[in-house]
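Commentary on secondary and tertiary structure
Chain by chain, the residues run as shown.
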Amino acid sequence: MPARKSVKKTPRNPNAKKAKEYTTSPSTFRRRPQQQRSQEKVESILQAAAAIFWEVGYDAATTHAIARRANTAVGTLYRFFPNKLALFHALEKQHRQSVDDIHARLMSPEFVQQPLAEMIRQTVETYATYFEDLGPRVVYTQYYVNPELYAQFDDAVDHSYIQRFANMLRVRSATLSISKSELIAEVCHRSFNAIFVSALKSAPTHRDHLYKELQALLVNYLQTYDNTQTYDNKYQQPECHKFDASLQLPASLSTDTQLNARQQVAVSHIQQHGHLTIKTFENICPEPSRRTLQRDLKQMIDKGLLHTTGETNQLTYHLSGQRDGHS
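The shown structure was predicted, so the numbers you read here are calculated from the model rather than taken from an experiment.

In terms of nonpolar packing, the biggest core is built from 66 residues, with Phe-53, Ile-66, Phe-81, Tyr-127 and Phe-196 touching the most fellow members. Looking at which element gives the most residues to this core, the answer is helix H5 (residues 84–106), with nine residues. Dropping the residues within four chain positions of it, Phe-53 is found in contact with Tyr-58, Ala-61, Ile-66, Lys-84, Phe-88, Leu-91 and Val-138. Leu-276, Cys-285, Met-300 and Leu-319 belong to the second largest nonpolar core, which has 17 residues in total.

Okay, here's the thing in structure tokens:
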């Protein structure tokens, strides 16, 4: 028999297993759960994985420890997930979907039209509540430790969030250029993330203090560039215009007790300009909906303070006793 040729073995790379794991396809599931019982089992495994990742870190976590925390056999875990990276990717995918949903809500026209301080407060509180869940918290904080793990997040995604915020800033302040708005948005984004990561790793009391200071930081920084409306000292309610106290109204009507702030603004505007349209009313009081403003005007008509001229869809409002915008 011919002599067997010797084969030179390639030295084993001690990091080969880890490198292979990091490049695993982000499809996450080896076997997708179909029945409700399987779905519940997968969810319990993911919750256990989040807890272990948070307690010991991703690198020190093992599938055996995760299976024990989930009170299941490691073989059951492997039925659904080929390795711990697949578990992390499943958590990451859930986080990406949730963050996109939150961004959609926070960047909606209704949300963006709020007073600045209220908008910032709701943003911080929304994420503070969201990150009470360990799954999102692990994925969020791990990004600043092991960015190579991620399949759903990278610099491009990060920049897209900055661009969305920059677009919102230009809605609130049309004088901002694209480059300036993106710079401001990046400062806010980086500051927000840095403080939030620190807060999530802090004790609850200190975490709450950091959230409050973050709100103050962002409001004080952004109000310099925010030109949508004027705010009072508490940054709560927008001032449409000041009511002209010299306006002489019928004795039966007390502007202090029977007209709300928007109605007083409407009366003052008509006194100064002779008439008011719903479009003008929206411009000087941008916060409420058109329906709310129309209801304000109808109440004043019912009280005999205003009357209208023009067609139904193009009404002009005048003080009682005026016909063409003149006393």
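Below, the discussion takes up helix H12 (residues 261–273). Taking 1.5 Å of rise per residue, 13 residues should cover 18 Å, and H12 covers 18 Å from first to last C-alpha, within 8% of that figure. Among the residues of H12, those classed as buried are Gln-263, Gln-264, Val-265, Ala-266, Val-267, Ser-268, His-269 and Ile-270. Sitting at the amino-terminal end of H12 is Asn-260, which places a side-chain oxygen 3.0 Å from the backbone nitrogen of Arg-262. Remark: Gly-274 follows H12 within two positions and exhibits a positive phi of approximately 90 degrees.

Right, let's get into the pattern of salt bridges. Taken as a whole and judged by the stated rule, the model has 10 salt bridges. Between Arg-190 and Asp-158 there is a salt bridge, with the nearest N and O atoms lying 2.4 Å from each other. Here Arg-190, found in helix H10 (residues 178–200), pairs with Asp-158, found in helix H9 (residues 155–172); they are 32 residues apart in sequence, far enough to count as distant. One salt bridge in this structure joins Glu-282 and Arg-290, with 2.8 Å as the shortest N-O distance. Judged by its relative accessible area of 25%, Glu-282 falls in the partly exposed class. Salt bridges linked by common partners bring Glu-118, Arg-121 and Glu-125 together as one network.

At a minimum axis distance of 11 Å, the contact between H5 and helix H7 (residues 116–130) shows a crossing angle of 160 degrees. Of the possible angle classes, the one that applies to H5 and H7 is roughly antiparallel. Once H5 is placed against H7, the crossing between them reads as right-handed. Residue-level inspection shows His-95, Ser-98, Val-99, Ile-102, His-103, Arg-105 and Leu-106 of H5 in contact with H7, the latter providing Thr-123, Thr-126, Tyr-127 and Tyr-130. A per-class count over the contact of H5 with H7 returns five nonpolar, five polar and one charged.

To continue, consider H10. Between its first and last C-alpha atoms H10 spans 32 Å; for 23 residues at 1.5 Å apiece the expected length is 33 Å, and the two agree. Those residues of H10 not exposed but buried are Ser-181, Ile-184, Ala-185, Cys-188, His-189, Phe-192, Asn-193, Phe-196, Val-197, Ala-199 and Leu-200. As for H10, its buried residues are in contact with helix H2 (36–56), H7, helix H8 (134–142), H9 and helix H11 (204–222).

Further remarks concern unusual backbone geometry. Residues other than glycine predominantly adopt negative phi, and peptide bonds predominantly adopt the trans conformation. Although it is not a glycine, Asn-71 sits at a positive phi angle of roughly 55 degrees. By secondary structure assignment, the location of Asn-71 is in the loop between helix H3 (63–69) and helix H4 (74–80). Classification of Asn-71 by relative accessible area gives exposed; the value is 70%.

This prediction gives the protein a mean pLDDT of 80; 77% of its residues lie at or above 70. No element of the protein has a lower mean pLDDT than strand E1 (residues 230–231), which averages 35, and none a higher one than H3, which averages 97. Below a pLDDT of 50 lies the segment residues 1–27, which in the model reaches 18 contacts outside its immediate sequence neighbourhood of four places, other chains included. Scored below 50 in pLDDT, residues 229–239 shows 23 contacts in the model against residues more than four places distant or in partner chains.

Scoring rules and cut-offs
- Residues numbered from 1 in each chain as written.
- Predicted model: local features only at pLDDT ≥ 70, side-chain atom pairs only at ≥ 80, totals over all residues.
- Heavy atoms only, no water.
- Core = buried A, V, L, I, M, F, W, Y, C linked by side-chain atoms within 4.5 Å.
- Buried < 20%, exposed > 50% of the residue type's maximum accessible area, 1.4 Å probe, protein only.
- Helix = DSSP H or I, 4+ residues; strand = E, 2+ residues; numbered from the N terminus.
- Contact = heavy atoms within 4.5 Å.
- Expected span 1.5 Å × (residues − 1).
- Polar contact = N/O pair within 3.5 Å; in protein donor to acceptor, adjacent residues only side chain to side chain.
- Salt bridge = Lys/Arg side-chain N within 4 Å of Asp/Glu carboxyl O.
- Axes fitted to C-alpha atoms, helices over the stretch in contact; angles between N-to-C directions.
- Parallel < 35°, antiparallel > 145°, perpendicular 65-115°, else oblique.
- Left-handed = near helix turned anticlockwise from the far one by under 90°.
- Nonpolar A, V, L, I, M, F, W, Y, C, P; charged D, E, K, R; others polar.
- pLDDT = per-residue confidence, 0-100.

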